[in-house]
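# Per-entry structural report
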2 protein chains.
Amino acid sequence: MTESRPVRRRGRPRGGTDSRARILGAAVDEFGEHGYEGSTVRSIAARAGVDSALVHHYFGTKADLFAEAVGIPLRPDVDVPGILAGPRDEVGARIIRYVLEAFEQPEIRRRGVMLIRTAVGSKLTTPLLAGFLSRELIGRIAKSLDVDDAEVRASLVASQIAGLLLTRYVVRLPALVAVPVDDLVDRIGPTVQRYLFG
Amino acid sequence: MTESRPVRRRGRPRGGTDSRARILGAAVDEFGEHGYEGSTVRSIAARAGVDSALVHHYFGTKADLFAEAVGIPLRPDVDVPGILAGPRDEVGARIIRYVLEAFEQPEIRRRGVMLIRTAVGSKLTTPLLAGFLSRELIGRIAKSLDVDDAEVRASLVASQIAGLLLTRYVVRLPALVAVPVDDLVDRIGPTVQRYLFG
């Protein structure tokens, strides 16, 4: 207990929590003004008055930073590639299982429902979440399909996922709330499968 | 022009616009406090201090009164029976076409989007719309199916419709906005068909 100076980890840039908070604030402003697609790590760094490297150091990718700034409880950009990489004839079922098993966790569900309410309820925030989902969910699924209408197919998948989350977890339609996850995967998985490959 | 008294139509109860406005106000309060299922024409009439017959006279059924009070732009209670009555192997396509052709009309779309934003954005109004849809859309579809899991099937249909409206008209995913109605009917109709009869 003779050392009272704060310990500085080797290689960590200077600035500490101040810079981190400033970057996060700049990210919220930048995403709010220019949307997800229109913002870059570089533009957020400039707004915060720091180097891009520091943003990457604290937060990783743009998707990571967005998830942190907006409080996204699910990371399609991280999880979807693995889901798409498995056996093709069960991709639909795996996508639905992934979404449902996440939302069955109380903390993810709480944040997810709040995010859906905010994003749908306000004209200002709808395009922001739409931009993130277009790029990180729909874009990633579409890229894995080698067809002309890949974006439409992936967007139809998004429509069924959005409707499922809305009716089961936000509106809470009694008949849907009562159905076990496995049963929903059996019923909705083939829809996603057909939208993607049918 | 010698007659200056207001013309009273034969058989029309007394009260006029005052009663009409009072019933509508009572309906908003009653639906807000007790939800759609928990409110009755009788309870709304009592709240407005009028006879139930007057409520029926001005507004028709409970669904009619709700549609008027909340500004519902689509009347599933009126339209769904006809959709279900046609050839069974095209029910899914007819349901999707009905919803899309309605929302392609600017005035219905404007009111519909506003209603979705309000209902999803606020914890108070979500159960109200859910109650109406459970009874007048899901309930009507379920009754037409002679199976044990009719409510689940009809709720799955509602989930795809809700997701379609949300992604095409509220979030406005670019790939979905660009697809013609006929194409969407071809792609999503079979989903509804499978949820109902698969």
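Notes on the structure in this doc start here.

Thresholds applied
Residues numbered from 1 in each chain as written. Chains lettered and ligands numbered in written order. Predicted model: local features only at pLDDT ≥ 70, side-chain atom pairs only at ≥ 80, totals over all residues. Heavy atoms only, no water. Helix = DSSP H or I, 4+ residues; strand = E, 2+ residues; numbered from the N terminus. Expected span 1.5 Å × (residues − 1). Buried < 20%, exposed > 50% of the residue type's maximum accessible area, 1.4 Å probe, protein only. Salt bridge = Lys/Arg side-chain N within 4 Å of Asp/Glu carboxyl O. Contact = heavy atoms within 4.5 Å. Buried area = accessible area lost by both parts, 1.4 Å probe. Least-squares fit on C-alpha atoms with pLDDT ≥ 70 in both.

On to helix H7 (residues 106-121) of chain A, then. Counted at 1.5 Å a residue, the expected span for H7(A) with its 16 residues is 22 Å, and the 22 Å between its end C-alpha atoms agrees. Where H7(A) is concerned, the buried positions are A:Ile108, A:Gly112, A:Val113, A:Leu115, A:Ile116, A:Arg117, A:Ala119 and A:Val120.

All right, on to the pattern of salt bridges then. Tallied over the full model, the rule gives 28 salt bridges over all chains. With a shortest N-O distance of 2.4 Å, B:Arg75 and B:Asp64 are connected by a salt bridge. Pair noted here: B:Arg75 is in the loop between helix H4 (62-70) and helix H5 (76-85) and B:Asp64 is in helix H4, with a separation of eleven residues, a long-range link. For B:Arg75, a relative accessible area of 18% gives the class buried. A salt bridge links B:Asp77 to B:Arg75, with the nearest nitrogen and oxygen atoms 2.7 Å apart. Bridged by salt links that share partners, the residues A:Asp149, A:Arg153, B:Asp183 and B:Arg187 form one connected network.

With that settled, the discussion passes to the interface of chain A and chain B. Contact residues are listed per partner, giving 39 residues for chain A and 39 residues for chain B. Its largest share of buried area at the contact with chain B, chain A owes to A:Arg117, A:Val120 and A:Arg187, together 22% of the area lost on that side. Across the contact surface, chain A and chain B share two salt bridges. B:Arg187 is paired through a salt bridge with A:Asp149; the nearest N and O atoms lie 2.8 Å apart. Of all elements in the fold, only H7, helix H8 (126-144), helix H9 (150-170), helix H10 (174-177) and helix H11 (181-197) of chain A reach the threshold of two or more residues within the side of chain A that touches chain B.

Let us look at the relation of the copies chain A and chain B. The operation relating chain A to chain B is a screw motion whose rotation component is 180 degrees, with 0.0 Å of axial translation and a residual RMSD of 0.0 Å. Each copy turns onto its partner about a two-fold axis.

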